[in-house]
Protein chains: 2
Amino acid sequence: MKRYEVLADEVAESIAQGRIRPGERLSSVRETCRSRGVSPSTVFQAYYLLEARGLIEARPRSGYFVSRAMAKHVEPEPSAPAAAGRPVEISELVFQVLGHAKNRALVPMGSAFPSPGLFPLPKLALSMGKAMRRLDPWQTVEDLSPGSAELRRQIAMRYLPMGCGVDADELVITNGAMEALNLCLEVVTEPGDLVAVESPTFYAALQALERRKLRAVEVATHPRTGIDVNALAAVMAEHPVKACWLMPNFQNPLGSLMPDASKQALVELLAKHQVPLIEDDVYGELYFGPSRPRPAKAWDRSGLVMHCSSFSKTLAPGYRVGWAAAGRFTAEVAKRKLMSSLAAPVPSQEGLSEYLRHGGYDRHLRQLRGLLAQQQQQVLRGIAKHFPAGTKVTSPEGGYFAWVELPPSVNALELHRLALSQAVSVAPGQLFSAGQGFTHHMRVNFGHPDHEDFESALRTVGSIAKALA
Amino acid sequence: MKRYEVLADEVAESIAQGRIRPGERLSSVRETCRSRGVSPSTVFQAYYLLEARGLIEARPRSGYFVSRAMAKHVEPEPSAPAAAGRPVEISELVFQVLGHAKNRALVPMGSAFPSPGLFPLPKLALSMGKAMRRLDPWQTVEDLSPGSAELRRQIAMRYLPMGCGVDADELVITNGAMEALNLCLEVVTEPGDLVAVESPTFYAALQALERRKLRAVEVATHPRTGIDVNALAAVMAEHPVKACWLMPNFQNPLGSLMPDASKQALVELLAKHQVPLIEDDVYGELYFGPSRPRPAKAWDRSGLVMHCSSFSKTLAPGYRVGWAAAGRFTAEVAKRKLMSSLAAPVPSQEGLSEYLRHGGYDRHLRQLRGLLAQQQQQVLRGIAKHFPAGTKVTSPEGGYFAWVELPPSVNALELHRLALSQAVSVAPGQLFSAGQGFTHHMRVNFGHPDHEDFESALRTVGSIAKALA
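Computed from a prediction, not measured in an experiment: that's the story for all the values here. (Residues numbered from 1 in each chain as written. Chains lettered and ligands numbered in written order. Predicted model: local features only at pLDDT ≥ 70, side-chain atom pairs only at ≥ 80, totals over all residues. Heavy atoms only, no water.)

*Asks:* Account for the overall build of chain A, naming residues and giving values.
*Replies:* Looking only at helices and strands, chain A has 16 helices and 16 strands in total. Taken over the C-alpha trace, chain A has a radius of gyration of 22 Å; the compact-globule value for 469 residues is 23 Å, and the two agree within 12%. Principal-axis analysis of the C-alpha atoms places the extent of chain A at approximately 65 × 50 × 50 Å. Taking all 469 residues of chain A together, the buried fraction comes to 64%. Of the roughly 17000 Å² that chain A leaves accessible, carbon and sulfur atoms contribute 51%. Taken as two groups, the 52 positive and 46 negative side-chain charges of chain A have centres that lie 5 Å from each other. (Helix = DSSP H or I, 4+ residues; strand = E, 2+ residues; numbered from the N terminus. Rg over C-alpha atoms; globule rule 2.2 N^0.38 Å. Buried < 20%, exposed > 50% of the residue type's maximum accessible area, 1.4 Å probe, protein only. Areas by Shrake-Rupley, 256 points an atom, 1.4 Å probe, with all protein chains shown as cover. Lys, Arg positive; Asp, Glu negative; His and termini not counted. Charge placed at Lys NZ, Arg CZ, Asp CG, Glu CD.)

*Asks:* Any details on the pattern of salt bridges? Residues and values, ideally.
*Replies:* Any two side chains of opposite charge can pair if their charged atoms end up close together. Under the definition given, this model contains 48 salt bridges over all chains. Across the pair B:R211 and A:E186 runs a salt bridge whose closest N-O atoms are separated by 2.6 Å. Residue B:R211 is found in helix α9 (residues 203-211), and its partner A:E186 is found in helix α8 (residues 176-188); the two belong to separate chains. Like A:E186, B:R211 is buried. B:R294 is the salt-bridge partner of B:D260, the closest N and O atoms lying 3.6 Å from each other. Taken together, the positions of B:D260 in helix α11 (residues 260-273) and B:R294 in the loop between β10 (277-280) and β11 (305-310) put the pair 34 residues apart, joining distant regions of the chain. (Salt bridge = Lys/Arg side-chain N within 4 Å of Asp/Glu carboxyl O.)

*Asks:* Explain the nonpolar core to me, using residue names and the numbers behind them.
*Replies:* Core analysis: the largest hydrophobic core is formed by 280 residues, its most contacted members being A:F311 and B:F311. Setting aside chain neighbours within four positions, we find B:F311 in contact with B:L151, B:I155, B:A316, B:P317, B:V321, B:W323, B:L352, B:L356 and B:Y361. (Core = buried A, V, L, I, M, F, W, Y, C linked by side-chain atoms within 4.5 Å. Contact = heavy atoms within 4.5 Å.)

*Asks:* Hey, could you go over the sheet that holds β11(B) for me, with residue numbers and the actual values?
*Replies:* Residue and element names in this part refer to chain B. In space, the eight strands of this open sheet follow the order β3-β6-β5-β9-β10-β11-β12-β4, with mixed pairing throughout. Every interior strand has two partners, whereas the edge strands, β3 (86-87) and β4 (171-174), have only one. By the bridge criterion, four bridges tie β11 to strand β12 (residues 322-325) in an arrangement that is antiparallel. Looking at the pairing, C308 lines up with A324 of β12. (Pairing = 2+ DSSP bridges.)

*Asks:* Residues and numbers for the relation of the copies chain B and chain A, please.
*Replies:* Rotating chain B by 180 degrees and moving it 0.0 Å along the rotation axis overlays it on chain A with an RMSD of 0.1 Å. Each copy turns onto its partner about a two-fold axis. Closest approach to the rotation axis among the C-alpha atoms of chain B is made by B:G129, whose C-alpha sits 2.3 Å away. (Least-squares fit on C-alpha atoms with pLDDT ≥ 70 in both.)

*Asks:* Let's hear about the interface of chain B and chain A: which residues, and what values?
*Replies:* Facing the 55 residues of chain B at the interface are 55 residues of chain A. Regarding the contact of chain B and chain A, the summed buried area is about 5000 Å², with carbon and sulfur atoms giving 65% of it. When the buried area of chain B at its contact with chain A is split by residue, B:K102, B:R211 and B:M339 rank highest and sum to 15% of it. In this assembly, chain B and chain A are joined by eight salt bridges. For B:R104, the salt bridge is made with A:D136, and the minimal N-O distance between the two is 2.9 Å. Applying the counting rule to chain B against chain A returns 28 residue pairs in polar contact (both at pLDDT 80 or more). The set of elements that each furnish at least two residues to the side of chain B that touches chain A consists of α4 (91-98), α5 (121-133), α6 (139-142), α8 (176-188), α9, α12 (330-341) and α13 (346-358) of chain B. Top element by residues in the side of chain B that touches chain A is α12(B). It accounts for seven residues. Residues that form the side of chain B that touches chain A fall into these classes: 27 nonpolar, 13 polar and 15 charged. (Buried area = accessible area lost by both parts, 1.4 Å probe. Polar contact = N/O pair within 3.5 Å; in protein donor to acceptor, adjacent residues only side chain to side chain. Nonpolar A, V, L, I, M, F, W, Y, C, P; charged D, E, K, R; others polar.)

*Asks:* Account for the pairing of strand β5 (residues 194-198) of chain A, with residues named and values stated.
*Replies:* Residues and elements named next belong to chain A. Across the five residues that make up β5, a large majority, five, are buried. Every second residue of β5 is oriented toward a common face, with L194, A196 and E198 on one face and V195 and V197 on the other, all of them buried. As judged from the five bridges shared by β5 and strand β6 (residues 215-219), these two strands associate in the parallel manner. Counterpart to E198 in the pairing with β6 is V219. Read from β5 through helix α9 (residues 203-211) to β6, the crossover connection turns out right-handed. In this structure, β5 lies alongside strand β9 (residues 241-246), joined through four bridges in parallel fashion. Bridging from a neighbouring strand, A196 pairs with C244 of β9. (Right-handed = clockwise from strand over helix to strand, strands pointing away.)

The structure is reproduced here in structure tokens:
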């Protein structure tokens, strides 16, 4: 753990235990440097992180204060699923609930996508137009799987500053991360096998398991730090887990971020058992803290981590360009890609290559992260204001999802139905578990800072929740 | 069968039996109208068809003559596979052999793709640039599966003149036809099931079966008229066939075209057994005859035909836009598409919508068909000239593949290896059967009219084949 993270955690602890109260001023950067013997930049990074978590807020010329809104936020309980494998039958519910994603008239609180208005689509269109007008026709053959050499080079370069070596030759370009994840799963499992997932977990992972007739074993998570590696170790000691499908960075739906030490412990545990990790890292670039959290792959020494990501959540929704860096399974994944859909789209690959060479991706990301962090604060304030007493919510350090635990008497499916009748989509907790256990939980999407009705939608959903509570 | 087809078959029969000899003049259109009591347009259509088949040739101001080159072409034998289901293990061989597709230095005689130089890529780039610059960001959500409503409307419209009703709502846009075919297969089979395919069949179908642990039963085909429906009926009477994966129009690798009556009989047979047909129609638009051959789907009354196609072979290679019109299975296919890769690429979908609205697709197709028909003649002449005595070859009425039967002593894998050392790729017959039975056959790609070394490559492969014979 880095020095600023230690400091941030200590301050967070003080706030949680009431030693510093909502509205109170934190000690100044100078004082803290002196009292702790750290550099100003460490203090700034720690305060920045706490601000991102929504625990403190800066007031111009006055310093940092414990957030008043945050005082009301209590973290949801860690999950404690039964450690038993079970077949998955979630798809019908998912399709029923998410069939509303395309309905523009709904406020997309339950959506899986950030607002398409957040992305530099016109600039991408220019890059693509340019790349395609001067395209050597032969490129349509050369971009077949594993994909454009130039694009793979560009992607590999982005892993360097993370301290995570990914070679361009290890990358297989896919039709979005979803295809990458599915292909990885296909390579390392047979029908009937047991796969460990987080509890709660992203419903698309459950659907993928269901589609391949796999069984899920759900593992306890902490709402801030993600999967409990000890709990996973206990599950693996008892069950023949064939693969893990996890999201170490800004997990969907929790928003949790595994600390580096947990990631390392996870990778070591899996290496010990020779079990592959399918790592879904699509939100990794959307961090609010001072630096890009490393993927679990950064600790991989045995080639067991199959790291998957995409540009869909960070740059180019709808372009359908994702990738797998699948370690020792790379050749097998490339073959499955050829067999399942031959290639990723050439225009998208070429357009993104061109944009990444010239386009200011990092500038765009900085802006996007700022918007999302700000919107998270607004949404958390709205929840504090409008939702029933006893509501708990995560305050993630990245991504665009928060996980809300409502009073136990609120049935989230009922909430979903009633909200729908008032033109708000809600993603009920039942979607996020093979056991459909999160009955009074919901995932909130705060990736729509440009949506003018979001605040009133929070009020609407809050009133319904109060009525149901 | 239409009147011109009857007439064409009669003339073909006369040529085959030597009643009219190579170089001899056919009776004039006027004479034929009188003697047969048909209209001039019927005669023209018949002669056009025979020309496309390479049996006759027009000489300006002199009329039609039996082709001299054609005299040497003998059709390969109908196939007679053992009627037994078998597991498929073809993938490794396919990957070994086709790993050379990206090598630009090779003459692509064994390639699966037509020359990328045949397509209006700059015009498509303009359409796409235009569509993407004015894109409503929300479209990135609306184009999620089943895909762009406008594109589906455009595709549905193209089926009308074929006499094949396909509703836009029945269409699911996929990442190329390959994904469509795989999803259809997934919906109607379980591991271990038996699937009927043509003999020889497209290796990607065999790979798809292998990937899903299905068993293949290969059915006899005629090199000109495709699958033998009676043979299929016999197979189905004895074996629990769960689905058929067939290519009625310009089959890969034969180039065969099922007559309408066979298509109808096929659809009726499958309806009787309630067995779905996965119809791969990617070459249907590449006909050399007077009109677009209908897909088997045109006769479907029970919703059992899962028709798949794409723009990859006709307009936009690398764009990865295909579709399934899956009859009663449409909703299931749409769900699988969502689960496997979420959506087809938005830039490709929007670019193609724009091109189809304004772009002269039919003009492009006319030109492309002309080029392919002409190149077929050149390649067939080259084969007649350079290949060993006893070589037989199909003369398809569309597409860009011909199927060559070499003297039985030629091992096609050996031929492939030796040709590779002389910078020519060859697709050996062994790729096209789960039993790897076509040991002295090869598929020839005549979709590279712009390749200057094709003629000399035919000479090279011919010499090797002669040496091996």
